[in-house]
Each structure stands twice: as C-alpha cells, then as structure tokens.
Amino acid sequence: MSSYSIEIRVIPRPGLLDPAGKAIHHALQSLGYDTVSDVRVGKAIYVDLEADSPESAIALTENMCQKLLANPVTEDFNVRIADEVEAPA
Amino acid sequence: MSSYSIEIRVIPRPGLLDPAGKAIHHALQSLGYDTVSDVRVGKAIYVDLEADSPESAIALTENMCQKLLANPVTEDFNVRIADEVEAPA
Amino acid sequence: MTQTPNRPGALKAPAVAPREGDPVITAAVVEEHGLSPTEYERVQQVMGRDPTFTELGVFSAMWSEHCGYKNSKRLLRLLPTEAPWVILGPGENAGVIDIGDGYALAFKIESHNHPSAVEPYQGAATGVGGILRDVFTMGARPIAILDSLRFGDLDSGRVRYLFSGVVSGVGDYGNCMGIPNIGGEVYFDEGYEGNPIVNAMCLGLLKREDLIKGEAEGVGNTLMAVGARTGRDGIHGATFASEELSQDSQASRPRVQVGDPFTEKLLLEASLELITSGHIVGIQDMGAAGITSSASEMAGRSGTGVELDTLLVPVRESGMTPYEILLSESQERMLVVAHVGHEAEVKAILEKWELEAEVIGRVTDDGMFRIVEGPNVVAEIPALPLTEGCPTYEREGVESEEVQALRAMDLSEFAHADGDLNETFLRLLGSANIASKQWIYRQYDTTVRTGTAVRPGGDSGVVRIRGTKKAVAATTDCNGRYVYLEPGTGARIAVAEAARNLVCVGALPTAITNNLNFGNPLKPHIYYQLRESVIGMAEACRLFETPVTGGNVSLFNETDGVAIYPTPVVGMVGIIEDIKNITHQAFRSAGDAILLLGDNTNEIGGSEYLYVLHDLVAGAPPSVDLMGERRLQHAVLAMIEAGVLQSAHDVSDGGLACAIAECAIGDAEAPLGVEVHLVDALPEIPLLFGEAQGRILVSCNPEEVDTVFRLAKSHGVPCRQIGTVKERESGFKISTAKASISAEVDNVTRIFMEAIPSLMNLVQSGTPEEEAQP
Amino acid sequence: MKIAVVTFPGSNCDYDLYKAIELAGGAPEFRWHRDTDVGQVDAVMLPGGFSFGDYLRCGAIAHMSPIMSSVVAFAERGGPVVGVCNGFQILCEAGLLPGALLRNDSMKFISQDVFIRVETTETQFTSSYEPRQILRVPVAHAEGNYHADAETISALEGDGRVIFRYVDRDGQTGTGGTPNGSTNDIAGIVNAGGNVLGMMPHPERAVEDVLGSVDGLALFTSLLSQTASAGV
Ligand SMILES: Nc1ncnc2c1ncn2[C@@H]1O[C@H](COP(=O)(O)OP(=O)(O)O)[C@@H](O)[C@H]1O
Ligand SMILES: [Mg+2]
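What counts and how
- Residues numbered from 1 in each chain as written.
- Chains lettered and ligands numbered in written order.
- Predicted model: local features only at pLDDT ≥ 70, side-chain atom pairs only at ≥ 80, totals over all residues.
- Heavy atoms only, no water.
- Core = buried A, V, L, I, M, F, W, Y, C linked by side-chain atoms within 4.5 Å.
- Buried < 20%, exposed > 50% of the residue type's maximum accessible area, 1.4 Å probe, protein only.
- Pairing = 2+ DSSP bridges.
- Helix = DSSP H or I, 4+ residues; strand = E, 2+ residues; numbered from the N terminus.
- Axes fitted to C-alpha atoms, helices over the stretch in contact; angles between N-to-C directions.
- Contact = heavy atoms within 4.5 Å.
- Left-handed = near helix turned anticlockwise from the far one by under 90°.
- Nonpolar A, V, L, I, M, F, W, Y, C, P; charged D, E, K, R; others polar.
- Expected span 1.5 Å × (residues − 1).
- Buried area = accessible area lost by both parts, 1.4 Å probe.
- Salt bridge = Lys/Arg side-chain N within 4 Å of Asp/Glu carboxyl O.
- Polar contact = N/O pair within 3.5 Å; in protein donor to acceptor, adjacent residues only side chain to side chain.
- Least-squares fit on C-alpha atoms with pLDDT ≥ 70 in both.
- Phe/Tyr/Trp six-rings, centres within 6.5 Å; stacked < 30°, edge-to-face > 60°.
- Near = heavy atom within 4 Å.
- Areas by Shrake-Rupley, 256 points an atom, 1.4 Å probe, with all protein chains shown as cover.
- pLDDT = per-residue confidence, 0-100.
- Patch = residues over 30% accessible without salt bridge, like charges linked within 9 Å, V, L, I, M, F, W, Y side chains within 5 Å.
- Lys, Arg positive; Asp, Glu negative; His and termini not counted.
- Charge placed at Lys NZ, Arg CZ, Asp CG, Glu CD.

### Some points on the nonpolar core
In this structure, Phe163 and Leu203 of chain C together with Val44 and Phe164 of chain D are the most contacted members of the largest nonpolar core, which totals 222 residues. Counting 49 residues, the second-largest nonpolar core is a separate cluster that includes Phe414, Leu429, Ala659 and Leu672 of chain C.

Encoded structure:
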C-alpha cells in the first residue's frame, strides 16, 4: 500500500442552470472583465488515501463519487491523481 | 483574440479548518472507505474568455482570483488552461 | 370585451403549415404526450383539423392532469368557496381573503412530489419558489411559508437521503428569499416509501387596492417575458407530474429544474414594484407548462387572445425550438401584460433589479392563442377551449375490500398494555411522527421579517400584521392513515384538527387551501378515496365556515403500482384580532391547573400507538363530531379572549399522554413536571394513547379554573381538571385507574428532542446511489 | 440621527433593520448598493440576507459593490459601521474587520435563539447594556463559524475587541451554547478603531415583546445616544 492524493472535479451537468456561475459571471462583467463569455462553478475535492496502485486508488475514488460525492442527477465528475502543486498540504 | 477555457481551483488554506472536508471525510468513513486519511473541499470554477494569448488569459484570470474569486484569508487558488475533457460543454 | 368570439367550439383554427424538422404525429407520439385517443379526437374537434407537433405539445401540457384537472374538476365543484370575506376564490394564482384594516391575505398550497422524488433538494426548492411566485403575482408580499411533508420510515438510507435533501431544499430557498417558515408537518410511514410528498404553502399580505389578477386585458397591450432566461428545463414536467413513477422514469424524466432563489428575490421586489407602478395590467408566474399555460390562461380568463413570437423570448441555450420554448419550465420567470407604450418603464424597473424584460407578443381580440416564429405561424389554437375545454371525467369509485377488512379488524386485544407502560410511553414519544420536529425547522429561518409571534413548534404559526393589532395564524394538517382507513372521516378530521390547531393559538379559523395528494384515479379504489375525501372536506368546511379559496391536485403518486396513503392536506388560515390573545402550547408555571376539554374515548384505530408498538395500520379512524368540534373551537376562543388560559394544545397523534408531554416540554429550554390523574373507566391504552378527536388540553391559574368551567359549560363542552403543573424536579406523572406513567422530566425531554437527530446521525444521511434505485 | 441602511441585491433584513432603528428613535434611510455615496449620515448599517445569493462566498460579491468604497471611507473617518450576519461577512470580505466566517461546523443552516454575553460596555454599540449582560437573540445563518489566525485572535482578545460571546442561558461558555463552531465562541467583534462592529446574531429581531425578546434594542439605543453626541 502507498498513499495517493486524488483530485476530483464535480461539475454541474451541461445545460442545467448554474445560479452560482450566473451570479459570478454577472459580477465579473460589472467589474469590467467584459471578455468573459461563460462561468460554471463546481467542486474541487481532494482525497488522500491508501491504495496498492494508482489504478485502484482512482477506481476507489470513482466509486466514492457514484456513492456520495456527486449527485448523478445534476452533476458530472472527473477523477485523477493530483500533482504536488495542487494537493493542498 | 481567441477564446480560452480556464480552470480555477480554489482550495481552503492548509491548516485551516474545513468543515465540508471534515463532514465528507466522516461520511466516507461511515460508508466503509477506511483507507481515506484526509479530505479537503474547494471550488472548481470554469471561465470562458477571449484573450490574445494563453499567458494573458491566465494573467487576467489570476487577477480575477485576487480581486474576487478567492479569499486571501482562507483560500489558495491555482489557475490553468482547462483541457477538453474538463471544460464543461 | 365580449366573450362571444371565444365560446368553446365557436372558433376554428386556421391551417398552419407543419414546421420542418418537427416529428410527424402518430398514435405513438400522441400517447407519449399523455393524451388518450378520445382526448386527441377532442383536440381535432377543437382545432377543426390535425394539430401541428407544437400544438400537440401545447395541448398535452394544458390538458395534463396538472393543468387540466381532468379527474378532479368535477369533484372540486363540491367544495364551498364563498363567504363574505372571500375576495378571490379558486381559479386565480392564489386565493385572497379580506382580513380588515384595509389588508387582504393571499395564500395557497402547491405540491412538488414527483420532482422531489427524482431530485429531493432541487425538487423541494423549486416547489417553494413556485408557490412564492403564485402569491406575489397577486400583488402580495409573502410573509410566511409552511411545508407539509411525507416520507417512508427513517430506517431506510434512501428515505434519509430524500428527507434531508427536501428539508435543505425547502430551507435554502425560503431562507435566501427572507420569508420565515412558521410551521408545517411531517409524517414517516411505509405508505410513503416510494413517493415522498412535498407540499409548500405560502401566505402573502397586500393592501386591498394593490390586488392584481392574472389577466391579459386590453387588446393591443404588450406581453413581456420577465426574469430568468428560458432553457430546456423540465420540458413536459406538467405531464410528467401526472404520471406514475416507475423504474424507467429515471430515464424518461425531464431535465431537472434548478432553483435560483437569488433571482427570485429580485423578481419578487421587481414584481411588487411593477404592480404598484400602474404600468401593467396583469402578471402571471410561468409555472408548470411555462409560457403556454401562463399566456393561454391569461387570455382565457379575460376572453381575449394572445400572439407571441418565440424568437423574441430570451433563451439560455441555443437552437431551442418553439416547442421547447413553449413547454420549458425554467424557474423564476414571469409573464407580464404591460399597458401598450409603457414597455420602457417596465424594462427600467426590471433593470434596476438587475433583471431582464423583453417584449414577446401582444394581446389580440380574436380569441386565439397564436405562436409565431418570426414570420411563420407555428401554432394557432382557440384560447378558451384550450384552457377550459380539457375533458373532465367522473370515474368509477369503489372502496377496496382490503381496506374494509382492515377497518373491521377487532382491536380489543390491544386495549391493555403488554409490558412496561413507561417504556411504551417513551417509545411512542420517541417515534419520529411524535417527537420534536426541531431537526427540521432549525434549518429554516423562522424569525426574518420580524413578524413571527409563534414559531414552528406550536399548534400553528403566527405572524403579526405591522401597524395593526392583528395577527394571522396558519397550520397544515392531514393524517393519511385515517384517510386511508376511512376517507370521508379522515378528511373531516384533517379540517377539524387544523381548526383546533388555530384556536389553540387564539385564531378564528377563516379559510382553507388544500392539496389533494392521491394515487392513480383510474383505479376505482383510488377514485373512491378521492371522492369521499372531497365530500368529507366539503362538509367540514361548510360547517366551520372556512371556505376553500384554492388548492392543488397531485394524482398518480404511485411507484410501480403502489399508491401513497390518500393525503388531502388542509392548509388553514385564521385571524387573531388582538395580538394580546396569542396563546402558546407550553405549560407556563408550576401550580397551574391542567384541564381537558372534550371526551376521552375507547378508540385506537389508525393510531400511532398501533403503528409503533404493533406495526399495524388498522381499525376505524377516531370518530369526529363536527358540531362538537365547532362548540369546542368557540369555547377555547372565548376562554382566550377572557384572558384566563396560560396555555392550550390540541390533542392529536400519540393521544393524551403525548399531548401532556408536549405541553410539559415546551421548547425544551425550561421543561416542567406534571401530575395527572385520569379517572375514566377506559382501558389504559385508548385512554393514554388513543387519538379521540375534539380534545384540547389547557392550563390556567388556579383562580381561573371556575371561569374555564363556566365558559366550557356555556358552550356545551365537556371539561374537567385532570391535574396540576409541577416543578421540573417532581417528575412527569400520569396515573389511571389501572396503570401509571412515571418518568424523569429530563429523560422525557431528551427522548422527545433527540429522536429525529439520532435517527439522522445513524448513518450519514443516505447517498445519491441509494436514491438512484427507487 | 440619520442611519444609512444599505440594501444589496439579495439583502433581506434591510427592512427589519430599518424598523428597529425607527423603533429606537433613529432616522433610517435606505441606500442602494449602486449608490456611490452613503451621504450625510451618522452611522451605516449593513443588513443580513443573501447578498448576490451568497453563491460565491458570503459577502464576496457585495464587498465589490459601488457603495462599499464610500462605506470604507466613512469607517476610516471614524464613522460607526455595523454589519449584522451577512453584513458582518461583507465587512470581513471588505477588510474592515479581520478574519472570515466559515461554514457552520454542523454543515447546516442554523435558525434558533442563542444567548450572547456582552463582553464590554465600553463601546458605542454596547454602552446601554449592563456589563456581562446575557442577551437572548436569534441567529439564522449557514456560515457563522468565525475564524482567524492565532495572532489575530489573541489581538482581538488582548484588546478587548470581542464584544459578544456565545454562552448558555446561565452565561457559561463551553457548554454547547455556541451554534456554529466559532473560535473562542466569538459572536461579534469590533475593529481596532472601535467604530466598526460585526456580529452574526440579529439584534433587530429582538426589539419587541411579541417577537420573544427585547434584548437587541439597547444596541440601537447605545448607538443613537453616541451618534447624538458625536456625529461624523
Ligand atoms: N416540515 C415542517 N416544517 C416546519 N415545521 C414543522 C414541520 N413539521 C412539523 N413542524 C412543526 O412541528 C410541530 C409539531 O408538528 P405536528 O406534530 O405535525 O403538529 P400537530 O400534531 O400539532 O399538527 C408543529 O408546530 C409543526 O408546525
Ligand atoms: Mg403532533
């Protein structure tokens, strides 16, 4: 077993209304960032865990997403090994 | 000018208590994921914008983070060009 | 304007060329749209030709159960709807009653059962959003929310997932809008395992002169789309809301609607400003069936016609067809009819609130619901037959034999305690249906707007009316088990309990809204439940002089053929003339006398006791004497006005013992002891835990006991002192001839307060995966 | 004594504040977040609610609103500024107060009465209270969990800038009286100048008997008696 830091991105399903994205987009525009054409807001979740291979670490995490971390009705998710920079200490 | 899809990860500062991360960690354990040692929850924000180079797109987005998207007291941020997979349609 | 060009059938639709790209209409397509062959023939009659695909979509939405009330309209005619104080009865966005001092109260209840079963958080949130819009489109500012919920038993992870998702959805939306939640109810019973019930009720306050209707008056006036943009959300939600859930409804479900309470808050402020600005003649929520229902109903109501251009509707997604735009159920949108020439002023008001308003059409005089896409007409339907012409049915109703057998069951063997009575009592008190609901309403802002005088936790919620001495009270009630066992009686009890809950806070019952949650009415035993419930509700409302000013019907609440308990939720409002009369349920001080108004009986049918202790839903529900209830209501109000009561509490689920405990515990901050002795010659179980109707538990200062007796007598209400309020230390004691309960007050309090929290902490509250497999 | 009440899109306690100020004898005036000047007033109040939906971070978008530069200037001139609930969050985002308000430790929205102890009456916001008076006041928030780094906390404590602390009904800390996990049971703080107050509980919701408590009223009367004499 060795330890892995996994990064999960949970993103609102395309086409679903994203109120947070909408509000932030609006705010950015009123701050003068007028080249912004769209904003979507999701979650970035970092999970540190023990597993015996990167593959099994990823598989286990995808399983967590289906079970708990993502809402299958409204969200898509994406799992990968986090590199040093991203993994918060 | 060409258009870029930028991914921003906003992450709670190391050492800062992270109620969401704690709650999810607890939930994962009660679901039997006992190899999980830590969970941190942040935001993944996707911004589509026009800029005349990747560098300026990144620079502009970092500027948004300092101004609005991240709270320096509690959060770190990390900006990069989103690859196809991640950019939500 | 004249109705004549608009009589059903008087108009025929001119030819409309099919839009290229649209599917051809086959029997299968018609069926997918939820229309029966005969209904489709009716469409062809109305049109005088075959409909286009777009027109078919419009009909399917308007003639769905949800919009067309196919299976309930005829029954609803039985309900009393009139009284001198009723300003607007059923048919409008919300009912409106006169409450004096120049004020009126708009209120309505709405269901979001199916969306909540699919996505509990968004389903519940958008349910609250919808009922709020119904109220503020009347020109009323929402002042209170109530929520009436039903779930399966909490030992299922999926149920916990649904329950916690629904509660945060209800909470987050109302909290963000800044509308206090003042009450509601929740029941947990296997009978709701497959189909949770989520009904939300809203009360709004308006100055009489600000009342506005959802009408498209004034030929030439301008139709404007206001608020959020239109996306592909929940297309065919209205039809969907009228279908049974089944395994594959996961696949076939429309895209979930996501709520945006922030946008709705802006829309609320903008709408109220619009309504008082004089620039508009009508406004209506784009709720179920979106633009289609709002536009055609506004035209239908005022006997005019409308023409609108789908290319002018602000959209969130590209490439949307007229069909999609017409049927989208994107939230936080309004249809406004502006005085022609005032469009700029309307836009200005919306812009101030950082919202959009776009001209999308106009009011016409030809009685047609006409949709154009730029230069091309894509739909042209006579408006009145579209809104009023939906075929309605009287179904066959037969009571199921299974239920008859359950009701006839002999329960005498359960009349005596088996095992330790203290344990039995504490188990009952700790059942999720009896225990404190604080876990829920702690997540709801109950004090915003600084008007809440009685918060959730009492018999009814109370909101004072600023600038007057008045307050309004509201409650929701329905015990689905009673209705299941005997629909007529169950419905009468729902109305009677609501009225008791109101008088207990000092309010005079004034009017009701109702939400009829039932299974598939095409099944005779379900239609029987529906019919008998409406008849029972009508009888009680007539007798109590609480007319029905509106409501909502949610049918087909079934999963794979299994129906929910029939659940006709009653949302009743009452008026308190002087806030000094506001009364609370908790005992106030040691030494006060505890009196019982009404009689104990030997009934335990349909009780929580049978469900919790014997896992049984059987027997006849308690009998209810409506005349007696009426006398009881007047007696309690007289006592409150005489200022002699320290507390009042309705005796309902869990019976007398649990009601006494609720009064002793109060909000659990400073619980008190009690010593009660019951002399009735009844077996201890019905006496302590039976749910006999027509009972209210009051407490008063010993000097006032005589007055309470006198007022009870003069109103012909049985009354006796059953005990005394004691110090916390002296314990919780109830004795009967045969047996007695004796417990530590702190123990009773802990069990009552911690039951639901500990159930919810059992395992983390369910998971999406469990949710994904109904 | 004019007091400006700033309404942001999504504010929903602005009217409640307005009414409480009136009741206490002050002269409230609404300001819209797009106004660029708070105007000639003796104090400024930022109300509770969900400015911009609280969709990014509570108060994050609001602190960039046009009116805020004028509010900051007013505070720097020593003018009294009060932020309640969302207003507190906005003041932290704007840097007028240290620290941040994180998600409640329960992860749930919490609506209930709490007891808070007046830690000092030596401020223009608490002068009409009794020392260590226990107040019953409602809270209603999902992000009220006060957090700041260790130095900031000890500075706040050292300078006596913790004005309100969550306690139980007997005035004790550490007995579960804190609803949200706040560091040191902090419910309200002032800035170094003592003229900017942020608090999570809602004093404006406890100003009339019919609402269940009148313990919030003295905060308004304190402020009014100050602004009467002082005035900026
Ligand atoms: N879903 C809910 N939302 C808000 N308040 C609720 C809810 N469910 C129950 N309550 C409150 O909890 C208290 C007890 O509920 P219930 O036992 O149904 O009352 P009763 O039996 O007197 O009608 C009531 O004050 C009710 O308003
Ligand atoms: Mg009850």
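Moving on, there is more to tell.
### Concerning the sheet that holds strand β10 (residues 333-338) of chain C
Strands pair in a sheet through their backbones, by hydrogen bonds, and they do so in one of two ways: parallel or antiparallel. Residue and element names in this part refer to chain C. If you walk across this open sheet you meet the seven strands as β8-β10-β7-β11-β9-β12-β13, and the pairing is mixed. What marks the edges here is a single partner per strand, and that holds for β8 (280-285) and β13 (376-382). Taken over all neighbouring pairs, the strand axes of this sheet differ in orientation by 25° on average, direction set aside. Lying over the sheet, helix α14 (residues 343-352) contacts β7 (222-227), β8, β10 and β11 (356-364), oriented at roughly 150° with respect to β11.

### Examining the packing of helix α7 (residues 120-136) of chain C against helix α8 (residues 157-177) of chain C
Residues and elements named next belong to chain C. For the pair α7 and α8, interaxial distance at closest approach is 7 Å and the crossing angle is 35°. Our pair here, α7 against α8, has a crossing hand that is right-handed. Residues Pro120, Tyr121, Ala124, Ala125, Val128, Gly129, Leu132 and Arg133 of α7 form the contact with α8, whose participating residues are Tyr161, Leu162, Gly165, Val166, Ser168, Gly169, Val170, Asp172, Tyr173, Gly174 and Met177. When its residues are assigned to classes, the contact of α7 with α8 shows 12 nonpolar, five polar and two charged.

### Looking at the environment of glutamate 297 of chain C
Residue and element names in this part refer to chain C. By secondary structure assignment, the location of glutamate 297 is in helix α12 (residues 290-302). Judged by relative accessible area, which is 21%, glutamate 297 ranks as partly exposed. Taking C-alpha positions, glutamate 297 is 8.3 Å from leucine 384, a pair spaced 87 residues apart along the chain. Setting aside residues no more than four positions away along its own chain, glutamate 297 makes contact with Met62, Gln284 and Thr387.

### Observations regarding α7 of chain C
The first and last C-alpha atoms of α7 of chain C sit 25 Å apart over 17 residues, in line with the 24 Å expected at 1.5 Å per residue. For α7 of chain C, a buried count of 16 out of 17 residues is recorded, marking the element as mostly surrounded by other parts of the structure.

### Some remarks on the interface of chain A and chain D
When the parts come together, some accessible area is lost, and that loss is often what is quoted as the size of the interface. Contact residues are listed per partner, giving six residues for chain A and five residues for chain D. Interface area lost by chain A to chain D is led by Ala23, Ile24 and Leu31 of chain A, which between them contribute 57%. At the boundary of chain A with chain D, the tally comes to zero salt bridges. Taken together, the connections running from chain A to chain D amount to zero residue pairs in polar contact (both at pLDDT 80 or more). Looking at the side of chain A that touches chain D residue by residue, the classes come out as six nonpolar, no polar and no charged.

### A closer look at the relation of the copies chain A and chain B
Both copies of the chain are tied together by a single rotation about an axis and a shift running along it. Screw-axis analysis of chain A against chain B gives a translation of 0.0 Å along the axis, an RMSD of 0.2 Å, and a rotation angle of 180°. The transformation just described matches what one would write down for a two-fold rotation axis. Counting the interface residues of chain A, we find that 100% of their copies in chain B are interface residues as well, pointing to one common contact surface.

### So, the packing of aromatic side chains
Counting across every chain of the model gives 15 aromatic pairs over all chains. Between the aromatic rings of phenylalanine 163 of chain C and phenylalanine 188 of chain C, the centroid separation amounts to 5.0 Å while the plane-to-plane angle is 90°, which identifies the pairing as edge-to-face. Here phenylalanine 188 of chain C lies in strand β5 (residues 181-188) and phenylalanine 163 of chain C lies in helix α8, a separation of 25 residues in the sequence. Across this residue pair, the class does not change: phenylalanine 163 of chain C and phenylalanine 188 of chain C are buried. For the pair tyrosine 18 of chain D and phenylalanine 30 of chain D, a centre-to-centre distance of 4.5 Å together with 20° between the ring planes defines the contact as stacked. Taken together, the residues tyrosine 18 of chain D in helix α1 (residues 14-23) and phenylalanine 30 of chain D in strand β2 (residues 27-32) connect sequence positions 12 residues apart. Every member of this aromatic cluster is reached through a ring pair, and the members are Phe151, Phe163, Phe188 and Trp439 of chain C.

### A look at the site of ligand 1
All names here are of chain C. Taken together, the neighbourhood of ligand 1 is formed by 19 residues, with Asp147, Gly184, Gly457, Gly458 and Asp477 sitting nearest. Residue glycine 184 places a main-chain N or O atom 3.1 Å away from an oxygen atom belonging to ligand 1. At 2.4 Å from an oxygen atom of ligand 1 is found a main-chain nitrogen or oxygen belonging to glycine 458. Relative to its unbound accessible area of 550 Å², ligand 1 is 91% covered by the protein chains. Looking at the shell around ligand 1, the elements with two or more residues in it are β4 (141-151), β5, α18 (438-441) and α20 (487-504). When residues in the shell around ligand 1 are grouped by element, the largest group, five residues, is from β5. Of the residues contributing to the shell around ligand 1, the split by class is six nonpolar, seven polar and six charged.

### Observations regarding the interface of chain A and chain B
Listed by partner, the interface residues are 38 residues for chain A and 38 residues for chain B. Both faces combined, the contact of chain A with chain B buries some 3200 Å², and carbon together with sulfur accounts for 63% of it. The closest approach of N and O atoms between arginine 9 of chain B and glutamate 7 of chain A, which form a salt bridge, is 2.4 Å. In this assembly, chain A and chain B are joined by 14 residue pairs in polar contact (both at pLDDT 80 or more). At the level of elements, β1 (2-12), α1 (19-30), β2 (36-51), α2 (54-69) and β3 (75-81) of chain A are the ones that each hand at least two residues to the side of chain A that touches chain B. Partitioning the side of chain A that touches chain B into residue classes produces 23 nonpolar, five polar and 10 charged. Bridge count for β2 of chain A against strand β2 (residues 36-51) of chain B is 13 bridges, and the pairing is antiparallel. From the neighbouring strand, valine 39 of chain A faces β2 of chain B, where its bridge partner is valine 47 of chain B.

### Observations concerning the sheet that holds strand β11 (residues 196-199) of chain D
Residues and elements named next belong to chain D. Read across the sheet, nine strands follow the order β2-β1-β3-β4-β11-β10-β9-β6-β7 without closing on themselves; strand pairing throughout is mixed. Each having just a single partner strand, β2 and β7 (134-141) make up the two edges of the open sheet. With strand direction ignored, the average angle separating the axes of adjacent strands in the sheet is 25°. Its contacts with the sheet place α1 against β1 (2-7), β2 and β3 (43-46), and it is angled at close to 160° to β2. Along the sheet, helix α3 (residues 86-93) contacts β3, β4 (81-84), β10 (186-190) and β11; its crossing angle with β4, the most-contacted strand, is approximately 120°.

### What to know about the confidence of the model for chain A
Any region with low pLDDT has predicted coordinates that should not be read closely. With 93% of its residues at a pLDDT of at least 70, chain A reaches an overall mean of 91. Scored below 50 in pLDDT, residues 85-89 of chain A makes 15 contacts in the model with residues more than four places away or belonging to other chains.

### Observations concerning the environment of glutamate 65 of chain C
Residue and element names in this part refer to chain C. You can see glutamate 65 is positioned in helix α4 (residues 65-68). Owing to a relative accessible area of 5%, glutamate 65 belongs among the buried residues under this scheme. C-alpha separation for the pair glutamate 65 and serine 623, spaced 558 residues apart in sequence, amounts to 33 Å.

### Concerning the pairing of strand β12 (residues 368-373) of chain C
All names here are of chain C. Here β12 lies mainly inside the structure; six of its six residues are buried. Burial along β12 is two-sided: Met368, Arg370 and Val372 facing one way and Phe369, Ile371 and Glu373 facing the other are all buried. Two strands pair when backbone bridges link them, and strand β9 (residues 305-309) and β12 are joined in this way by four bridges, in the parallel orientation. The partner of glutamate 307 across the bridge, within β12, is arginine 370. Where β12 folds back on β13, the antiparallel hairpin that results is connected by two residues, among which glycine 374 adopts a positive phi of roughly 60°.

### Things to note about a negative patch on the surface
All names here are of chain C. A grouping of Asp155, Glu190, Glu193 and Asp615 is seen on the molecular surface, where their side chains present a negatively charged patch. With respect to the helices and strands, glutamate 190 occurs in the loop between β5 and β6 (197-207). Glutamate 190 sits in the partly exposed class, given a relative accessible area of 46%.

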